[in-house]
Amino acid sequence: AALVGDLDPSQALETASQRFRALRWTRLHPVDLETNKNVVHGGPSGPKEPLVERSEPCQLGECDVFFSHSWADEEHVPGGKYSALQAWASSFEEKEGREPLIWLDKACIDQDDIDASLACLPIFLSGTRQLLIAAGPTYSGRLWCVVEIFVFLKMGGTRDELTFLQVGEADARSQLGGFDASKAQCFLKRDREKLLAVIEAGFGD
């Protein structure tokens, strides 16, 4: 409720339904995961259009995974997230006979109205079938990442619906065992203050 803010629950559901998007795996390029900024010209085989324009409207419940990751991991393990995601997607295609639909922040949030889209985050998380976690070296130190796990579970997700992808040598699952919200960071200071306030509202500290 604290994430949704002042939105009426029915309004939040309607807004989230209208804004919910997904990205087909084959529309994602390695350069897309190198930075949180949109990259259009990535060489001969790179993207020719912004990532958000390569995503498509999707019904809640039809997106295969919410991709939870830390942008900061790219500095420590260049290309690691894409390689891990590529291996997972190949396994998914072999099992399901189709490419996966992925919810990725940069591809599925309206960059001109981020605050409104983030208010829909709990519904976006519940609208995906699994939480796919790129467990890189900085993952457990990013407040948004841990909040995504928390909200996914609180919105009805189960532990069996959490899938970890190893990125680099870090063991994110063991790191999460020692997670301290007061030490976790966000790219934007106002996001960190907002999320800490959400945690305090729900748990008292």
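Rules used throughout
- Residues numbered from 1 in each chain as written.
- Predicted model: local features only at pLDDT ≥ 70, side-chain atom pairs only at ≥ 80, totals over all residues.
- Heavy atoms only, no water.
- Core = buried A, V, L, I, M, F, W, Y, C linked by side-chain atoms within 4.5 Å.
- Buried < 20%, exposed > 50% of the residue type's maximum accessible area, 1.4 Å probe, protein only.
- Helix = DSSP H or I, 4+ residues; strand = E, 2+ residues; numbered from the N terminus.
- Contact = heavy atoms within 4.5 Å.
- Expected span 1.5 Å × (residues − 1).
- Pairing = 2+ DSSP bridges.
- Right-handed = clockwise from strand over helix to strand, strands pointing away.
- Axes fitted to C-alpha atoms, helices over the stretch in contact; angles between N-to-C directions.
- pLDDT = per-residue confidence, 0-100.
- Salt bridge = Lys/Arg side-chain N within 4 Å of Asp/Glu carboxyl O.

1. Let's talk about the nonpolar core
L28, F67, L85 and L104 are the most contacted members of the largest nonpolar core, which totals 56 residues. Take this core: its biggest share by element is seven residues, from helix α8 (residues 143–154). Those residues in contact with L85 that sit more than four places away from it in its chain are W25, L28, L33, F67, I102, L132 and L165.

2. What about α8?
With 12 residues, α8 extends 16 Å between its outermost C-alpha atoms, agreeing within 8% with the 16 Å of an ideal straight helix rising 1.5 Å per residue. For α8, the complete set of buried residues consists of L143, W144, C145, V146, V147, E148, I149, V151 and F152. Where α8 ends, the next residue or the one after it, G156, has phi of about 110°, a positive value.

3. Let's talk about the pairing of strand β6 (residues 162–166)
Bridge analysis of strand β5 (residues 128–135) against β6 gives five bridges, and the strand direction is parallel. Counted as the bridge partner of I133 is F164 from β6. Note on the crossover from β5 through α8 to β6: the handedness is right-handed.

4. Overview of the pairing of strand β3 (residues 63–68)
Burial analysis of β3 places six of its six residues in the buried class, the great majority of the element. Where β3 meets β5, five bridges bridge the pair, whose relative direction is parallel. The partner of F67 across the bridge, within β5, is L132. When β3 meets strand β4 (residues 101–103), the two strands line up parallel, connected through two bridges. Following the sheet pairing, F66 is matched in β4 by W103.

5. Brief notes about the sheet that holds β6
Taken in spatial order, the six strands of this open sheet run β2-β1-β4-β3-β5-β6, and their pairing is mixed. Two strands lie at the open edges of the sheet, namely β2 (56–57) and β6, each paired on one side alone. Sitting on the sheet, helix α4 (residues 80–96) touches β3, β4, β5 and β6, and the angle it makes with β6 is about 130°.

6. Thoughts on the environment of E169
Position of E169 among the secondary structure elements: in the loop between β6 and α9 (172–177). Distance from E169 to G136, taken between C-alpha atoms, is 7.8 Å for residues 33 residues apart in sequence.

7. Let's talk about the confidence of the model for the protein chain
On average, the protein chain scores 86 in pLDDT, and the residues at 70 or more come to 88%. Between the elements of the protein chain, mean pLDDT differs from a low of 68, seen in helix α6 (residues 114–119), to a high of 98, seen in β4.

8. Topic: the pattern of salt bridges
Taken as a whole, this structure holds five salt bridges when the rule is applied. R54 is paired through a salt bridge with D32; the nearest N and O atoms lie 2.8 Å apart. Of this pair, R54 sits in helix α2 (residues 51–54) while D32 is found in the loop between β1 (21–24) and α2, placing the two residues 22 residues apart along the sequence. Owing to a relative accessible area of 2%, R54 belongs among the buried residues under this scheme. Here D64 and R98 are joined by a salt bridge, their closest N and O atoms 2.8 Å apart. Placement of the pair is D64 in strand β3 and R98 in the loop between α4 and β4, with a sequence separation of 34 residues.

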